Amino acid sequence: MDKLDKLIEYLLKERPDRKYIPKDLDKFQLYRYLVNPRMPGGLSEEYLQMEEAFLKEYNQARGITKLSDLKEIEDGIYLWKGDITTLEVDAIVNAANARLLGCMSPLHNCIDNAIHTYAGLSLREECSTHKGYTSCAVVTKGYGLPANHVIHTVGPIISGPLRDEDRKALSLCYENCLKAGDFKSIAFCSISTGVFAFPKREAARIAVDTVRRLRPENTKVVFNVFSDEDYEIYRSTLG
């Protein structure tokens, strides 16, 4: 039995009622379906060590992108379209929810879900010891990820017209992440522009302006995007 089979077996023992588990999932999807909604606590050290070892191997097989593979768009700043969970940098930034526990919707296609999936449940365990709030910058280990650390920040949620306090809160997300540790490289996602509904072009302007003003000289910054639209927005914003 390989590591993934053992992880699934362990998780299924916690779910004696299995009738709600979809039948058409492949093995990794089943693993992901089981871990995404799991609350922290009750995991053995043996499970956590095996899961981290499995995810490091799995993420390596998916393909790792190194900072040296990227090209600077300006001094110390990179723009890259790809999966942030495959990026080997000192820290990646997670657009977290206020609980910091990750997206708990099984198989949901958001960055918070992906980061917690490919880092493993050790990340949720560590996150459960912290409290989140708007513009926070909580640093954890990267566990199964190729990144050494994850910086969790909670962006502003937009439910009406954009206000100056929303702009300030988003700028503080970037500022606090840049000041969260002595990181040699940080990859930022597009904070608050998903379900939190911050307008994308204004968010990119704030992100670029804040990073240009406050980036430590010894820190490389990657603006990570996942769509062609976001890539074009950042490319035009960076000039």
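Thresholds, definitions, all that
Residues numbered from 1 in each chain as written. Predicted model: local features only at pLDDT ≥ 70, side-chain atom pairs only at ≥ 80, totals over all residues. Heavy atoms only, no water. Helix = DSSP H or I, 4+ residues; strand = E, 2+ residues; numbered from the N terminus. Rg over C-alpha atoms; globule rule 2.2 N^0.38 Å. Areas by Shrake-Rupley, 256 points an atom, 1.4 Å probe, with all protein chains shown as cover. Lys, Arg positive; Asp, Glu negative; His and termini not counted. Charge placed at Lys NZ, Arg CZ, Asp CG, Glu CD. Core = buried A, V, L, I, M, F, W, Y, C linked by side-chain atoms within 4.5 Å. Buried < 20%, exposed > 50% of the residue type's maximum accessible area, 1.4 Å probe, protein only. Contact = heavy atoms within 4.5 Å. Arc of directions from axis to C-beta. Polar contact = N/O pair within 3.5 Å; in protein donor to acceptor, adjacent residues only side chain to side chain. Phe/Tyr/Trp six-rings, centres within 6.5 Å; stacked < 30°, edge-to-face > 60°. Lys NZ or Arg CZ within 6 Å of the ring centre and 35° of its normal. Pairing = 2+ DSSP bridges. Right-handed = clockwise from strand over helix to strand, strands pointing away.

Colleague: Go over the overall build of the chain with me, naming the residues and quoting the values.
Modeller: Looking only at helices and strands, the chain features eight helices and nine strands. At 18 Å, the chain has a C-alpha radius of gyration in line with the 18 Å of a compact globule built from 239 residues. Dimensions along the principal axes, computed over C-alpha positions, put the chain at roughly 55 × 40 × 30 Å. Accessible surface for the chain amounts to roughly 11600 Å². Of this, 50% is attributable to carbon and sulfur atoms. Where the 32 positive side-chain charges of the chain centre and where its 34 negative ones centre are 2 Å apart.

Colleague: Could you give an account of the nonpolar core, with specific residues and numbers?
Modeller: Within the largest apolar cluster, 74 residues are counted, with the highest numbers of intra-cluster contacts made by Y31, Y47, I92, Y174, F188, F223 and Y234. Contacts of Y234, omitting those with residues within four sequence positions, involve L79, Y174, S190, A204, A207, V208, F223 and V225.

Colleague: Kindly report on helix 1 (residues 3–13), identifying the contributing residues and their values.
Modeller: Residues of helix 1 that are buried: L4, L7, I8, L11 and L12. Down the axis of helix 1, the buried set is contained in an arc of 130°. They therefore lie on one face. Contacts from the buried residues of helix 1 go to helix 2 (27–35), helix 3 (45–62) and helix 5 (121–127). Near the N-terminus of helix 1, the side chain that reaches the backbone nitrogen of L4, with its oxygen 3.3 Å away, is that of D2.

Colleague: I'd like a description of the packing of aromatic side chains, backed by residues and values.
Modeller: Scanning the entire structure with this criterion turns up nine aromatic pairs. Taking the centre distance of 4.7 Å and the plane angle of 35° together, the rings of Y10 and Y47 count as tilted. In this pair, Y10 is assigned in helix 1 and Y47 in helix 3, connecting sequence segments 37 residues apart. Taken together, a centroid distance of 6.5 Å and an interplanar angle of 40° make the contact between F28 and F54 tilted. Separated by 26 residues along the polypeptide, F28 in helix 2 and F54 in helix 3 bring together distant segments of the chain. Judged by relative accessible area, which is 10%, F28 ranks as buried. Residue F54 is classed as buried on the basis of its relative accessible area of 8%. R62 extends its terminal NZ or CZ atom over the ring of Y118, reaching a point 3.7 Å from the ring centre.

Colleague: I'd like to hear about the pairing of strand 8 (residues 185–188), residue by residue, with values.
Modeller: Across the two faces of strand 8 the burial is the same, with S185 and A187 and I186 and F188 all buried. Note: strand 5 (residues 91–95) against strand 8, two bridges, orientation parallel. Residue pairing for strand 8: I92 is matched across the bridge by A187. Remark: the strand 8/helix 7 (residues 200–214)/strand 9 (residues 220–225) crossover connection has right-handed handedness.

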